[in-house]
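Observations on chain architecture
One-letter residues, chain by chain:
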Amino acid sequence: MISIDLNADVGEGCGYDSALMQLVSSANIACGYHAGDADTMREAVALAHYHGVAIGAHPSFPDREHFGRREMQLTRAELHECIVAQVRTLAAVAASEGTRLRQVKPHGALYNMAARDAGLAETVAQLPIALLARSQRPRHVAAQALRERQVEPRDDRVRVLRPEQLSVPLVG
């Protein structure tokens, strides 16, 4: 049987989180550095938990002014601490709601830079895995997935899909 994870980024102040939670199987919740705050994280976690949606952290560069879309040059230690702080904050919110984090997906410029830079992807993949209790994915596979962006569902190989190969048009 084939299963598809329909995923959305939430907690970013767009006003559609409640409607989206009824449609998705997993959600990446903004952790406050590009959007969101303690209240929006708590609300998004509660909505996801209520609807049985897997909860993920959506960390970014500390860039609220540009919604996390501006590339920043941080040392690996600064970047790791930035990501760990965001994931720990959301993990604490999830725990207070009786649930836990299942995934981490970088946001905006952080995601795009990691897709281009193998070293950065490896740093991003060295997230606080202990906070993701069910994560069994080796770091090198996570880093490769960040770079290649599309995991082949039948095995561990990674491949790239170009927009023209998709059966639905990309928006925006």
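That block above? That's the structure.
Since we're looking at a predicted model, the values are computed, not measured. (Residues numbered from 1 in each chain as written. Predicted model: local features only at pLDDT ≥ 70, side-chain atom pairs only at ≥ 80, totals over all residues. Heavy atoms only, no water.)

1. Side note on the packing of aromatic side chains
Overall, the coordinates contain zero aromatic pairs when judged by the stated rule. Across from the ring centre of Y111, 5.6 Å away, lies the NZ or CZ of K105, which sits over that ring. (Phe/Tyr/Trp six-rings, centres within 6.5 Å; stacked < 30°, edge-to-face > 60°. Lys NZ or Arg CZ within 6 Å of the ring centre and 35° of its normal.)

2. What to know about the pattern of salt bridges
The final tally for this structure, using the stated rule, is four salt bridges. In this structure, D39 and R42 form a salt bridge, with 3.3 Å as the shortest nitrogen-oxygen distance. A residue pair is termed a helical-turn pair when its members lie 3 or 4 positions apart in one helix, as D39 and R42 do in helix α2 (residues 38-51) at three residues. In this structure D39 comes out as exposed when scored by relative accessible area, which is 54%. Relative accessible area serves as the criterion here: at 37%, R42 is assigned to the partly exposed category. D63 serves as the salt-bridge partner of R70, at 3.3 Å between the closest nitrogen and oxygen. (Salt bridge = Lys/Arg side-chain N within 4 Å of Asp/Glu carboxyl O. Helix = DSSP H or I, 4+ residues; strand = E, 2+ residues; numbered from the N terminus. Buried < 20%, exposed > 50% of the residue type's maximum accessible area, 1.4 Å probe, protein only.)

3. Points about the packing of α2 against helix α3 (residues 76-96)
Relative to each other, α2 and α3 sit at 50°, their axes nearing to 9 Å. By the angle between their directions, the pair α2 and α3 is classed as oblique. Pair α2 / α3 crosses with right-handed handedness. Along the contact surface, α2 presents M41, R42 and V45, while α3 presents T89, L90, V93 and A94. Residues of the contact of α2 with α3, tallied by class, amount to five nonpolar, one polar and one charged. (Axes fitted to C-alpha atoms, helices over the stretch in contact; angles between N-to-C directions. Parallel < 35°, antiparallel > 145°, perpendicular 65-115°, else oblique. Left-handed = near helix turned anticlockwise from the far one by under 90°. Contact = heavy atoms within 4.5 Å. Nonpolar A, V, L, I, M, F, W, Y, C, P; charged D, E, K, R; others polar.)

4. Quick word on the packing of helix α4 (residues 108-116) against helix α5 (residues 118-125)
How two helices pack is summed up by the angle between their axes together with the distance between the axes. Closest axis-to-axis distance for the α4/α5 pair is 5 Å, and the angle between their directions is 125°. In this view, α4 runs oblique relative to α5, as classed from their interaxial angle. Crossing hand, α4 versus α5: left-handed. Facing L110, M113, A114 and R116 of α4, the residues of α5 in contact are A118, L120, A121 and V124. Its residues placed into classes, the contact of α4 with α5 shows seven nonpolar, no polar and one charged.

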